[in-house]
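# Observations on the model geometry
The primary structure of each chain is shown beneath.
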Amino acid sequence: MKRSAFAAAAFGAVAVAASVALAPAASAYPVGPWGLEGPCAGKAPQECAMSPSPDGLTWSWHGDAWNYDKTGAFVCMSSTFWCAPVMVAVRALPPTPIGSWIHP
């Protein structure tokens, strides 16, 4: 009886260790209250060079940023002159597919 209990416990420990070792790395994405993944979709944080804003709508890298609407569609690069006012509207409006309207 003790031997079978020990064998079951050992098997369980090996199974748990194997599942932890073989499990994919946890991803910090989606980000923000709208659950956006931006350009880092499916990547772990250490695999993505871009860093998200707290609301998840802006993803920055080396002084430039990619901006998304609340539906996850790309809106604009921060280097374009019209991006800042459009992003003010994106943040003010409820989830609206502005990015899909700009880039059909």
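Further up the page is the structure itself.
Here's what I pulled together on the structure shown here. (Residues numbered from 1 in each chain as written. Predicted model: local features only at pLDDT ≥ 70, side-chain atom pairs only at ≥ 80, totals over all residues. Heavy atoms only, no water.)

### Some points on the nonpolar core
Trp 59, Val 75, Met 87 and Val 90 are the most contacted members of the largest nonpolar core, which has 15 residues in total. Among the elements of the structure, strand 4 (74-77) and helix 2 (83-92) are those that each provide at least two residues to this core. By residue number, the principal contributor to this core is helix 2, which donates four residues. Look past the residues within four positions of Val 90 in its chain and what remains in contact with it is Leu 57, Tyr 68, Asp 69, Lys 70, Val 75 and Ile 98. (Core = buried A, V, L, I, M, F, W, Y, C linked by side-chain atoms within 4.5 Å. Buried < 20%, exposed > 50% of the residue type's maximum accessible area, 1.4 Å probe, protein only. Helix = DSSP H or I, 4+ residues; strand = E, 2+ residues; numbered from the N terminus. Contact = heavy atoms within 4.5 Å.)

### Quick word on the environment of Pro 97
Note that Pro 97 resides in the loop between helix 2 and helix 3 (98-102). Sequence separation between Pro 97 and Ala 73 is 24 residues, and the spatial gap between their C-alpha atoms is 6.8 Å. Look past the residues within four positions of Pro 97 in its chain and what remains in contact with it is Asp 69 and Thr 71.

### A short note on the environment of Lys 43
Take Lys 43: it is sitting in the loop between helix 1 (2-22) and strand 1 (51-52). A relative accessible area of 35% places Lys 43 in the partly exposed class. Sequence separation between Lys 43 and Pro 30 is 13 residues, and the spatial gap between their C-alpha atoms is 10.0 Å.

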